[in-house]
Amino acid sequence: MRRGKLTVVGAGPGDVDLITLKGIKALQSADVVLYDALVSPELLDYATKAEKVFVGKRKGCYSFQQNQINDLIVERAGQGLHVVRLKGGDPFVFGRGAEEMEHAATFGVEVAVVPGISSSVSVPASQNIPVTKRGAAESFWVITGTTKEHKLSNDVALAAKSNATVIILMGMSKLGEIMELFKKEEKQNIPVAIIQNGTTENEKIGIGTVASIEHKAKEQQLSNPAIIVIGEVVNHRQHILDIQKKYQNQGKKVFEKV
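Analysis parameters
- Just so you know, the residues in each chain are numbered from 1, in the order the chain's sequence is written.
- Per-residue local features of the predicted model are confined to residues with pLDDT of at least 70, and side-chain atom pairs are confined, for both listing and counting, to 80 or more; whole-chain, interface and lining totals are unaffected and use all residues.
- Where side-chain values are given, they derive from all heavy atoms of the structure, hydrogens and water being excluded.
- UniProt positions are given in the numbering used here, feature names are shortened, and annotations may be inferred rather than shown by experiment.
- Helix numbers and strand numbers start at the N terminus; a helix is a DSSP run of H or I with at least 4 residues, a strand a run of E with at least 2.
- The cut-offs for exposure are 20% and 50% of the maximum accessible area for each residue type, with area from a 1.4 Å probe on protein chains only; residues under the lower value are buried, those over the upper are exposed, and the others partly exposed.
- In this description, contact between two residues means that some pair of their heavy atoms is separated by no more than 4.5 Å.
- For the purpose of charge, His is not counted, nor are the chain termini; Lys and Arg are scored as positive and Asp and Glu as negative.
- Positions of charges follow a simple convention, taking NZ of Lys, CZ of Arg, CG of Asp or CD of Glu.
- Inter-axis angles, ranging from 0 to 180 degrees, are taken between N-to-C directions of lines fitted to C-alpha atoms, where helices are fitted over the stretch in contact.
- Oblique is the label for any angle not under 35 degrees, not over 145, and not in the 65 to 115 range, which are roughly parallel, roughly antiparallel and roughly perpendicular in turn.
- Two helices cross in a left-handed way if the nearer one is turned anticlockwise from the farther one by less than a right angle. They cross in a right-handed way if the turn is clockwise.
- For this classification, Asp, Glu, Lys and Arg are treated as charged, while Ala, Val, Leu, Ile, Met, Phe, Trp, Tyr, Cys and Pro are nonpolar and the rest, including Gly, are polar.
- In a helix, the anticipated span is given by 1.5 Å times the number of residues less one.
- Put simply, buried Ala, Val, Leu, Ile, Met, Phe, Trp, Tyr and Cys residues joined by side-chain atoms within 4.5 Å make one nonpolar core.
- A pair of strands is considered paired only if DSSP assigns at least 2 bridges between the two.

- An unreviewed UniProt entry annotates the protein as uroporphyrinogen-III C-methyltransferase originating from Flagellimonas abyssi.
- Looking at the Pathway (unreviewed entry) heading of the UniProt record, one finds this comment for the protein: "Porphyrin-containing compound metabolism; siroheme biosynthesis; precorrin-2 from uroporphyrinogen III: step 1/1."

Below, the structure written as structure tokens:
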């Protein structure tokens, strides 16, 4: 019997076109696909010969606990099958992909990873928000809003002291706490963007400041899954929109400077 294999694949941020070619090839060769809630169902069409098992969670309801997912990987791979674990974004950015690979490897399962386009940088980019920009941000933090203890990460307070762009995943339930940390650093006027369902047809965005974003989020009914972006780079989005609008209003030709 052939040796089983686990390939952990990053599905990208939501747009089906943002999976890698290598990820598609892994799906095409899969015998079993274990997929999460944030994965577009259209991607499963590439796995033409595979058993497809939903193992994600929706609104706090788990179809499988993590230990059950680990057992399922080992069980299927133990049958000599190629198991693809399909995860949203990049599986090594708060995706637990490393844990699943480590568990499978201890049972003699061959393991591999296909990196994905992380939502932490691609979702802001989809709204013309760069995570770095010369003169505005020399670095960026990517932080989970909720630790395994269901508390706000201590790194948020450290990030609030810096001039870096701060990108927070899974942080909407602690939006108030996060903004308070920035207010303590006298950063009430720093721009903030919240992008919900980034790169998908259901994408929504709210723009405000540290002082106003909670109100904006309530007003626009923004909730998870969403990414919070804090920093001067958020202004780049409006700057691009203003240039485009001015260009159109003046009726200028292509390559003519506004």
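Don't stop here, the text continues.
**Quick word on the overall build of the protein**
Thinking step 1. A count of helices and strands for the protein gives eight helices and twelve strands.
Thinking step 2. Counting only C-alpha atoms and orienting by the principal axes, one finds that the protein spans roughly 65 × 50 × 30 Å.
Thinking step 3. Put simply, the protein has 258 residues, and 45% of those count as buried.
Thinking step 4. For the protein, long-range pairs separated by at least 24 residues make up 64% of all intrachain contacts whose partners lie at least 6 apart in sequence.
Thinking step 5. Across the protein, 32 positive and 28 negative side-chain charges occur, with their mean positions spaced 3 Å apart.

**Overview of the packing of helix α2 (residues 66-77) against helix α3 (residues 97-105)**
Thinking step 1. α3 packs onto α2 with a crossing angle of 45° between their chain directions and a minimal axis gap of 10 Å. Judged by the inter-axis angle, α2 sits oblique to α3. Crossing hand, α2 versus α3: right-handed. Contact residues: Q66, I69, N70, D71, I73 and V74 in α2; E100, H103 and A104 in α3.
Thinking step 2. Considered class by class, the residues forming the contact of α2 with α3 number four nonpolar, three polar and two charged.

**A closer look at α2**
Thinking step 1. Its twelve residues place the ends of α2 17 Å apart at the C-alpha level, agreeing with the 16 Å of an ideal helix rising 1.5 Å per residue.
Thinking step 2. The set of residues buried in α2 consists of Q66, I69, N70, L72, I73, V74, R76 and A77.
Thinking step 3. Buried residues belonging to α2 abut β1 (5-10), β2 (32-35), β3 (51-54), β6 (82-87) and α3.

**Focus on the nonpolar core**
Thinking step 1. I178, M179, I194, I228 and I230 are the most contacted members of the largest nonpolar core, which has 23 residues in total.
Thinking step 2. Of all the secondary-structure elements, those providing two or more residues to this core are α5 (155-160), β9 (165-169), α6 (175-184), β10 (191-196), α7 (213-219) and β12 (226-230).
Thinking step 3. A total of five residues in this core trace back to one element, the largest contributor, which is α6.
Thinking step 4. Here I228 is in contact with V166, I167, I168, G171, M172, L175, I178, M179, V192, A193 and I194, once residues within four sequence places are set aside.
Thinking step 5. Of all hydrophobic cores here, the second largest spans 17 residues; its members include V9, A26, L44 and V84.

**Considerations on the sheet that holds β12**
Thinking step 1. The strand order across the open sheet built from five strands is β8-β9-β12-β10-β11, with neighbouring strands paired in mixed fashion. The open sheet has two edge strands, β8 (140-144) and β11 (204-209), and neither has a second partner. Recorded for the sheet is a direction-independent mean angle of 15° between the axes of neighbouring strands.
Thinking step 2. Here six bridges tie β10 to β11, and the two strands are oriented antiparallel to one another.

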